[in-house]
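An overview of the molecular structure
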2 protein chains.
Amino acid sequence: YAPKPMKAKMKLVKDILSRPAVVGTIKMSITEASRILIENNINHLPIVDEKEMLSGIITSWDIAKAMAQDIGSISEIMTKSVLCATPDETIDMAARKMSRNNISGLPIVDSNNMVVGVVSAEDISKLIGRTGLNKI
Amino acid sequence: YAPKPMKAKMKLVKDILSRPAVVGTIKMSITEASRILIENNINHLPIVDEKEMLSGIITSWDIAKAMAQDIGSISEIMTKSVLCATPDETIDMAARKMSRNNISGLPIVDSNNMVVGVVSAEDISKLIGRTGLNKI
Ligand SMILES: C[S@@+](CC[C@H](N)C(=O)[O-])C[C@H]1O[C@@H](n2cnc3c(N)ncnc32)[C@H](O)[C@@H]1O
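Residues numbered from 1 in each chain as written. Chains lettered and ligands numbered in written order. Predicted model: local features only at pLDDT ≥ 70, side-chain atom pairs only at ≥ 80, totals over all residues. Heavy atoms only, no water.

1. Considering the overall build of chain A
Spelled out, the test is: Helical segments are the DSSP runs of H or I of at least four residues, strand segments are the runs of E of at least two, and each set is numbered from the N terminus. Exposure categories follow from relative accessible area, calculated using a 1.4 Å probe and restricted to protein chains: below 20% of the type maximum is buried, above 50% is exposed, and the middle band is partly exposed. By definition, residues are in contact when any of their heavy atoms lie within 4.5 Å. Just so you know, the count uses Lys and Arg for positive and Asp and Glu for negative, and it drops His and the chain ends. For charged residues, the charge sits on one atom: NZ in Lys, CZ in Arg, CG in Asp, CD in Glu.
Looking only at helices and strands, chain A has seven helices and five strands in total. Helices and strands appear in chain A in the N-to-C order α-α-β-α-β-β-α-α-α-β-β-α. Taken over the C-alpha atoms alone, chain A extends approximately 60 × 30 × 25 Å along its principal axes. Residues classed as buried in chain A amount to 51% of the 136 residues present. Of all intrachain contacts in chain A linking residues separated by at least 6 positions in sequence, the fraction that spans at least 24 positions is 49%. Averaged over its 17 positive side-chain charges, chain A has a centre that lies 10 Å from the centre of its 15 negative ones.

2. Some details on the packing of helix 6 (residues 91-101) of chain A against helix 7 (residues 121-131) of chain A
Residues and elements named next belong to chain A. Convention followed: Here the axes come from fitting lines to C-alpha atoms, over the contacting stretch only for helices, and the angles between their N-to-C directions go from 0 to 180 degrees. The scheme is simple: roughly parallel for angles under 35 degrees, roughly antiparallel for over 145, roughly perpendicular for 65 to 115, oblique for anything else. By the definition used in this description, the sense in which the near helix is turned from the far one sets the handedness, with an anticlockwise turn below a right angle giving left-handed and a clockwise turn giving right-handed.
Where helix 6 meets helix 7, the axes come as close as 10 Å, and the angle between the chain directions of the two elements is 130°. Judged by the angle between their axes, helix 6 and helix 7 are oblique. The crossing of helix 6 and helix 7 is left-handed. On helix 7, the residues touching Ile 91, Ala 95 and Met 98 of helix 6 are Ala 121, Ile 124 and Leu 127.

3. Looking at the UniProt feature "domain: CBS" (unreviewed entry) in chain A
Filter applied, for reference: UniProt positions are given in the numbering used here, feature names are shortened, and annotations may be inferred rather than shown by experiment.
Here, the residues flagged by UniProt with the feature "domain: CBS" (unreviewed entry) are residues 17-73 and 78-136 of chain A. Between the C-alpha atoms that bound residues 17-73 of chain A there is a distance of 29 Å. The span itself is 35% helix and 23% strand.

4. Looking at the pairing of strand 3 (residues 54-59) of chain A
Residues and elements named next belong to chain A. Stated precisely, the cut-off is as follows: Whether two strands pair comes down to DSSP finding at least two bridges between them.
Judged by how many residues are buried, strand 3 sits mostly within the fold: five of six residues are covered. Sheet topology note: the strand 2 (residues 44-48)/strand 3 ladder contains five bridges and is antiparallel. Within strand 3, the residue paired with Pro 46 across the bridge is Ile 57. Linkage of strand 2 to strand 3, two consecutive antiparallel strands, is achieved through a turn of five residues, within which Glu 52 is found at a positive phi near 65°.

5. Let's talk about the relation of the copies chain B and chain A
What counts is decided by this rule: For the least-squares superposition of copies, only C-alpha atoms count, and only for residues with pLDDT at least 70 in both.
Once chain B is rotated about the relating axis by 179° and shifted along it by 0.1 Å, it coincides with chain A to within an RMSD of 0.1 Å. Here the symmetry operator amounts to a two-fold rotation axis.

6. A short note on the sheet that holds strand 2 of chain A
Hydrogen bonding along the main chain pairs the strands of a sheet, whether they run parallel or antiparallel. Read from one edge to the other, the open sheet built from three strands follows the order 1-2-3 (chain A), with strand pairing classed as mixed. Two strands in the sheet have a free side with no partner beyond their single neighbour: strand 1 (24-25) and strand 3 of chain A.

7. Structural notes on the interface of chain B and chain A
One frequent convention defines the size of an interface as the accessible area lost when the parts assemble. Worth spelling out the cut-off: Two parts placed together each lose some accessible area; with a 1.4 Å probe, that loss summed over both constitutes the buried area. Throughout this description, the term salt bridge denotes a Lys or Arg side-chain nitrogen within 4 Å of a carboxyl oxygen of Asp or Glu. Between N or O atoms, a polar contact is any pair within 3.5 Å; within protein, one atom must be a potential hydrogen donor and the other a potential acceptor, and residues adjacent in sequence are included only when both atoms are from side chains.
Counting residues at the interface gives 47 residues for chain B, matched by 47 residues for chain A. For the chain B and chain A pair, buried surface summed over both sides reaches about 4,100 Å², with 63% attributable to carbon and sulfur atoms. Our count for the contact surface shared by chain B and chain A stands at zero salt bridges. Linking chain B with chain A are seven residue pairs in polar contact (both at pLDDT 80 or more).

8. Let's talk about helix 6 of chain A
Residues and elements named next belong to chain A. Inclusion rule: As used here, the arc belongs to the directions running from the helix axis to the C-beta atoms.
What helix 6 keeps buried is the set Ile 91, Asp 92, Ala 94, Ala 95, Met 98 and Ser 99. The buried side chains of helix 6 occupy one side of the element, clustering within an arc of 165° when seen end-on. Just beyond helix 6, the residue with positive phi is Asn 102, at close to 55°.

Quick look at the structure:
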């Protein structure tokens, strides 16, 4: 009876990272941000400033909020204190961050705070979908 | 060295089902549907007909689509052929359905095709967040 190799438990964020990062800017309209979400078939849009540094995040849920509350600008709906992860974090750690903070995605930033991708709850669920619980 | 109990692998949809089911109707406006998503902090809204039978699904991604393409009614943006799961399906199976079809949630229906809840990729990711990969 061979124990599972340790490696299995250590699956990292970079193993499931979707690249290249699709990002938006704070100057976009909500309609433009919506278009980017739809064209790329995604739910999370990290928002960067002129220096490509992360300054917020917009999700399709925020777009629904704008619709529900008749809000007109990205800066009003974007979440400004963004929880992130790094490519070398474990997937367990990323999943824990999302679950504890009740969020559905994390921008992945490198050591210069540049956005290199996003990992979403959907990506993590896909892992389970591909391999099954307990078999990863 | 004790093998994991079989039970672990057999975790079922009903174990993580969020109840009661929040549903919308085809007569709602997109703004009303958005409000329900926001008030309940959810991303998926099964749409039912007068007999409470499932007839479509709206997600916050569809709301973003309505915004991007200036579409005005629920019936135009809802997805009509809805993939579902049952309470007694395994979570693995539900995750596989989502992953294969690139969707992030499944209405859970009983044997009468009544919606009893939703299971989302976020719910599955939360399982991982609580217990870690390989430890469920
Ligand atoms: C194809 S996904 C793309 C974005 C992302 N993968 C997600 O699921 O949010 C978005 C579409 O999937 C549809 N959808 C979501 N759950 C569904 C389900 N259980 N059955 C059929 N369509 C569904 C939504 O109505 C929406 O139009």
